[in-house]
Amino acid sequence: GHADHLNFDLFAFGHWLAPDHGYPEFATTWPHRRAVTINTLSHNTVVVDRKPQDRGYGGHTRLFQQLPGLAVVQIDARDAYPQAKEYTRTMLLIDAPRALPPAGPGRETGGDAPANTYLVDIFQVTGGADHLYSFHGPPGDIAPTALALVAQVEGTYAGPSVPFRSEQGPVGYSWWYGVRRDAHPPVAFTLDWKAQAGYRGLAAGDNLHLRFHSLTALSDVALAD
């Protein structure tokens, strides 16, 4: 029942690295449920014109294929927004071997390297005036590269003058706080999440990271809690 067409979760190394809110605390008109849990903004998808998606359960699978070292899926969900002529996500999982450290005392050469995976995400939207790509990683520190993030001293993602949990602005935007923004981001930048110890069983020595590479021209980039 969430407004989350084309959302995805990410599981890797035995952990949930791009989690969904799941079932709401209270399945009523509880404010957090409407503004955050079921809201499009709180999912790993694209918000059009600062509004939640239309409720519905339709979509069309254009491509679904698994090959050695490569998996690809393409889903069309244009009914998510009536103004969208195209609302399609193409995702590829590509095996990427991790380099082994140099051989040394106590270490033998050879053997298979542990595998990493690249997830390539191509989201095509046509229609509407504002497209917001929303992504939610695990709790923990985020290290950006090539971004000049400026802290917003007051307010929320809905604006510097909009207080937390306000009804002003787009639905749910005021629930995101601690905003840092780059109003003129480069085309290419990265964000590196270091998943914090204690999150779903992570130990302090696990050193688990999730790295996001952006390769699309954007009007602005913001991080928020």
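Enquirer: Talk me through the pairing of strand β4 (residues 60-67); I want residue IDs and the actual numbers.
Expert: Of all the 8 residues making up β4, 0 are buried; the element is thus mostly uncovered. Strand direction decides the pairing type here: β4 and strand β5 (residues 70-76), joined by 7 bridges, are antiparallel. Note that in β5 the partner of Phe64 across the bridge is Val73. Following β4, the chain reverses through 2 residues before pairing antiparallel with β5; Gly69 in that reversal takes a positive phi of roughly 80 degrees.

Enquirer: Residue-level account of the side chain of Asp192, with values.
Expert: In this structure, Asp192 sits in strand β12 (residues 188-195). Owing to a relative accessible area of 10%, Asp192 belongs among the buried residues under this scheme. Of the polar contacts made by the side chain of Asp192, one reaches the side chain of His209; its length is 2.6 Å. Discounting residues that sit within four places of it in the chain, Asp192 has contacts with Asp141, Ile142, Ala143, His209, Leu210 and Arg211.

Enquirer: Explain unusual backbone geometry residue by residue, including any values.
Expert: The residue Phe13 is not glycine, and still its phi comes out positive at about 55 degrees. At Arg200, a residue that is not glycine, the phi angle is positive and equals roughly 50 degrees. With respect to the helices and strands, Arg200 occurs in the loop between β12 and β13 (209-215).

Enquirer: Report on the nonpolar core, specifying residues and quantitative values.
Expert: The biggest cluster of nonpolar side chains holds 20 residues, and the ones touching the most others in it are Leu10, Leu17, Phe135, Leu191, Trp193 and Leu210. Listed by contribution, the elements that provide at least two residues to this core are β1 (10-12), β2 (15-18), β12, β13 and β14 (221-223). Broken down by element, the residue count for this core peaks at 4 residues, all from β12. Setting aside its immediate chain neighbours within four residues, Leu10 contacts His15, Trp16, Leu17, Ala18 and Leu210. Judged by nonpolar contacts, the second largest core, of 17 residues, contains Leu6, Tyr87, Val125 and Val179.

Enquirer: Explain the layout of surface pockets to me, and be specific about the residues and the numbers.
Expert: Here the second largest pocket defines a volume of roughly 240 Å³. Put simply, the parts of the chain that give the lining of the second largest pocket at least two residues each are β1, β4, β5 and β6 (86-97).

Enquirer: Which residues make up the sheet that holds strand β9 (residues 140-145), and what are the values?
Expert: If you trace the 3 strands from one edge of the open sheet to the other, you get β9-β12-β13, paired in antiparallel fashion. Only two strands of the sheet have a single partner each, and these edge strands are β9 and β13. Each strand axis lies, on average, 15 degrees off the axis of its neighbour in the sheet, ignoring direction. Where β12 meets β13, 7 bridges bridge the pair, whose relative direction is antiparallel. Considered in β13, the bridge of Phe189 is made with Ser214.

Enquirer: Can you lay out the sheet that holds β6 for me, pointing to particular residues and giving the numbers?
Expert: Taken in spatial order, the 4 strands make up an open sheet running β4-β5-β6-β7, and their pairing is antiparallel. Strand pairing shows two members of the sheet lacking a second neighbour, β4 and β7 (115-126), which therefore form its edges. Going from strand to strand, the sheet's axes swing by 10 degrees on average, the running direction of each strand aside. Here β5 pairs with β6 via 7 bridges, running antiparallel.

How each quantity is defined
Residues numbered from 1 in each chain as written. Predicted model: local features only at pLDDT ≥ 70, side-chain atom pairs only at ≥ 80, totals over all residues. Heavy atoms only, no water. Buried < 20%, exposed > 50% of the residue type's maximum accessible area, 1.4 Å probe, protein only. Helix = DSSP H or I, 4+ residues; strand = E, 2+ residues; numbered from the N terminus. Pairing = 2+ DSSP bridges. Polar contact = N/O pair within 3.5 Å; in protein donor to acceptor, adjacent residues only side chain to side chain. Contact = heavy atoms within 4.5 Å. Core = buried A, V, L, I, M, F, W, Y, C linked by side-chain atoms within 4.5 Å. 1 Å grid on protein atoms, 1.4 Å probe; cavity = no way out; pocket = protein on both sides within 12 Å on 5 of 7 lines; lining within 4 Å. Points joined across faces, edges and corners; volume = space filled by probe spheres on them. Axes fitted to C-alpha atoms, helices over the stretch in contact; angles between N-to-C directions.

These results come straight from atomic positions and should not be treated as a statement about function.
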